[in-house]
Amino acid sequence: MWSVVSSGAVPAGERFDWYADIISREVMPAALSSERPAEFQGEAAVLDLGELRVAKFALSPLRSRRTPALIRRGDPEQYQLALLRKGSTSMSQHRNECTIGAGDLMLWDTSRPSDNEMLADHGQVRATILMLPRDVLPLRDQRLERLLARRIPGDRGVAAVLASFMTALEDHGAECEPEELRRLGAVAVDLATACLAQHLDAEDRLPAEVRTQALLQRIHAFIEHNLGDPELTPPVIAARHNISLRTLHQLFHGRQESVQARIRRRRLEQCRVDLARPGPGARRVHSVAARWGFSGPAVFSRSFREAYGVSPTEFRALSLNEAGAGAGADRAAGRPAPDRNR
């Protein structure tokens, strides 16, 4: 679960000072300033991914500075890699300086002085940040210095895959179990390493295992993004990633499932979620199958029964009956029915 702090419950005149104190105590000591402190609003949340944490911020424009004195007072000794979701931010660190906009990524080092100004034309600045302990990245500090306070476009290459992954973490991380979150933490390290290495032209310097994991995660992300395409097949995936079909199958060899099995499982899982949705807007069974890339109702029905032991129609009926029984029990006990559309 996300650990959330919000200025919403604090009196308006005290919100900025409260938020600045929270950041200095819970994240790292920093000197925060705002041109309109009386209008400030801010929210921060952190999710534990094992070796690292991911944080999300939504806040009014402000300036954040880390001086040598503040670093001596407290330093998490991290590289922080941010995906800006909304607004813009300007950062200077280690003789580098840049301004990034929504969709861009940027790296900084908590152990070095920095000056960061967050701006928004309307409303708040939003960002998702990977908080990476210095020792989890298999790249030398001297090389990473070149990327500090540099714009990393998030719309192409490995950076686009990393940005998509970070967005999914923010949107769906709370739904995962602790063990799943630890696995996602390992994925985050691999993708961050591959992204930074690509921008250092150093992919060939990475350990072979890291390169393999990064390629595998790019393939997983590609599969997720294209589940609804009936033409999603191993040859298409191999061609898209500039590898042979044999290499693709070798990547999945010895793992829990083949590439084709992964595509089938993820399609069935998405269909199962859709079929369990109640309400007048629920899709027909054949529409659910088509939405997630199945070639026809017969193939879908057979695959679904093999995976779950019932037909799609039977599963939908069972899900609706369970939902109705749960709502009835809640009403009998005087409790509000859960919102199953969240």
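To start, this report covers the structure provided alongside it. Since this is a predicted model, take the numbers as computed values, not measurements. All residue numbers refer to positions counted from 1 along the written sequence of the respective chain. Side-chain atom pairs in this predicted model are given and counted only at pLDDT of 80 or more, local residue features only at pLDDT of at least 70, and totals for whole chains, interfaces and linings cover all residues. The side-chain quantities take in all heavy atoms of the structure and omit both hydrogens and water.

### Concerning the overall build of the protein chain
Here is the rule: Here a strand is any run of E in DSSP of at least two residues, a helix any run of H or I of at least four, and the numbering for each starts at the N terminus. Here a residue-residue contact requires only that any non-hydrogen atoms of the pair lie within 4.5 Å. We get accessible surface area from the Shrake-Rupley algorithm with a probe of 1.4 Å; when it comes to residues, only the shown protein chains can shield them. Neither His nor the chain ends is counted toward charge; the positive residues are Lys and Arg and the negative residues Asp and Glu. Note that the charge is assigned to NZ on lysines, CZ on arginines, CG on aspartates and CD on glutamates.
Each helix and strand in the protein chain was counted, giving 12 helices and 11 strands. Each principal axis of the C-alpha atoms in the protein chain carries an extent, and together these give about 65 × 60 × 35 Å. Taking the intrachain contacts of the protein chain between residues at least 6 apart in sequence as the baseline, contacts between residues at least 24 apart amount to 69%. Element-wise, carbon and sulfur atoms account for 48% of the exposed surface of the protein chain, whose accessible area totals about 18,200 Å². Each charge sign in the protein chain was given a centre, from 47 positive and 43 negative side chains, and these centres are 4 Å apart.

### Section: the environment of Leu245
Secondary-structure assignment places Leu245 in helix α8 (residues 245–252). For the pair Leu245 and Asn226, spaced 19 residues apart in the sequence, the C-alpha separation amounts to 18 Å. Those residues in contact with Leu245, other than ones at most four positions away along the chain, are Pro234, Pro235 and Ala238.

### Observations concerning the pattern of salt bridges
Note the cut-off: In the sections that follow, a salt bridge refers to a side-chain nitrogen of Lys or Arg positioned within 4 Å of a carboxyl oxygen of Asp or Glu.
Under the criterion given, the structure shown has 23 salt bridges. A salt bridge links Arg25 to Glu26; the nearest nitrogen and oxygen atoms lie 3.5 Å apart. Among the charged side chains, a network of salt bridges with common partners joins Glu224, Glu257, Arg262, Arg265, Arg266 and Glu269.

### Digging into the sheet that holds strand β11 (residues 125–133)
To keep things clear, this is the line we draw: Two strands are counted as paired when DSSP detects at least two bridges linking them. Axes, fitted as lines to C-alpha atoms, cover a helix only where it is in contact. Angles between the N-to-C directions of the axes lie from 0 to 180 degrees.
Taking strand neighbours across the sheet as the criterion, the six strands line up as β1-β3-β4-β11-β6-β9 in an open arrangement whose pairing is antiparallel. In the strand order of this sheet, the two ends are held by β1 (3–6) and β9 (105–109), each with one partner. Each strand of the sheet is rotated relative to its neighbour by a mean of 20 degrees, with strand direction disregarded. Two strands pair when backbone bridges link them, and strand β4 (residues 53–59) and β11 are joined in this way by seven bridges, in the antiparallel orientation. Residue pairing for β11: Ala55 is matched across the bridge by Ile129. Against the sheet, helix α1 (residues 15–26) contacts β1, β3 (42–48) and β4, and its axis sits at roughly 165 degrees relative to β4.

### Here we look at the packing of helix α4 (residues 157–172) against helix α5 (residues 178–199)
Keep this limit in mind: Under this scheme an angle from 65 to 115 degrees is roughly perpendicular, one under 35 degrees roughly parallel, and one over 145 degrees roughly antiparallel; angles in between are oblique. In this scheme the crossing of two helices becomes right-handed for a clockwise turn of the near helix relative to the far one and left-handed for an anticlockwise turn of less than a right angle. Think of it as three bins: nonpolar holds Ala, Val, Leu, Ile, Met, Phe, Trp, Tyr, Cys and Pro, charged holds Asp, Glu, Lys and Arg, and polar takes everything else, Gly as well.
Packing of α4 against α5 leaves a shortest axis separation of 8 Å and a crossing angle of 150 degrees. Between α4 and α5, the crossing angle belongs to the class labelled roughly antiparallel. As for how α4 packs across α5, the hand of that crossing is left-handed. Between α4 and α5, the residues in contact are Gly157, Val158, Ala159, Val161, Leu162, Phe165 and Leu169 and Leu184, Val187, Ala188, Leu191, Ala192, Ala194, Cys195, Gln198 and His199, respectively. Here the contact of α4 with α5 is built from residues that sort into 13 nonpolar, three polar and no charged.

### Quick word on the side chain of Gln93
Defined as follows: Burial here depends on accessible area, computed with a 1.4 Å probe over protein chains only, as a share of the maximum for the residue type. Under 20% is buried, over 50% is exposed, and the range in between is partly exposed. Definition of a polar contact: a pair of N or O atoms within 3.5 Å, with one able to donate and the other able to accept a hydrogen when the atoms are protein atoms, and with sequence-neighbouring residues admitted only if both atoms are side-chain atoms.
Examined against the element boundaries, Gln93 turns out to sit in strand β7 (residues 88–93). Under the relative-accessibility criterion, Gln93 is labelled buried at 2%. Here the side chain of Gln93 touches Asp109 through a polar contact of 2.8 Å, landing on its backbone oxygen. Reaching out from Gln93, the side chain makes a polar contact with the backbone oxygen of Arg112 at a distance of 3.1 Å. Sequence-distant contacts of Gln93, defined by excluding residues within four places in its chain, comprise Trp108, Asp109, Arg112, Pro113, Ser114, Leu148 and Ala149.

### What about the packing of aromatic side chains?
Which entries qualify depends on this criterion: Think of it this way: a Phe, Tyr or Trp ring, Trp meaning its six-membered ring, pairs with another when their centres are within 6.5 Å, and the plane angle makes it stacked under 30 degrees, edge-to-face over 60, tilted otherwise. Throughout this description, the term charge over a ring refers to an Arg CZ or Lys NZ atom that lies within 6 Å of the ring centre and within 35 degrees of the ring normal.
Inspection of the entire model under this criterion finds six aromatic pairs. Aromatic pair Phe304 and Tyr308: ring centres 4.7 Å apart, planes at 55 degrees, arrangement tilted. Taken as a pair, Phe304 and Tyr308 lie in helix α11 (residues 297–308) at a separation of four residues, close to a single helical turn. According to the relative accessible area criterion, Phe304 is buried, its value standing at 0%. Overall, Tyr308 belongs to the partly exposed group, its relative accessible area being 29%. What links up through ring pairs into an aromatic cluster is the set Phe294, Phe300, Phe304, Tyr308 and Phe315. Sitting over the face of the ring of Tyr308, Arg272 holds its NZ or CZ atom 5.0 Å from the ring centroid.

Worth remembering: the numbers are spatial, not functional.
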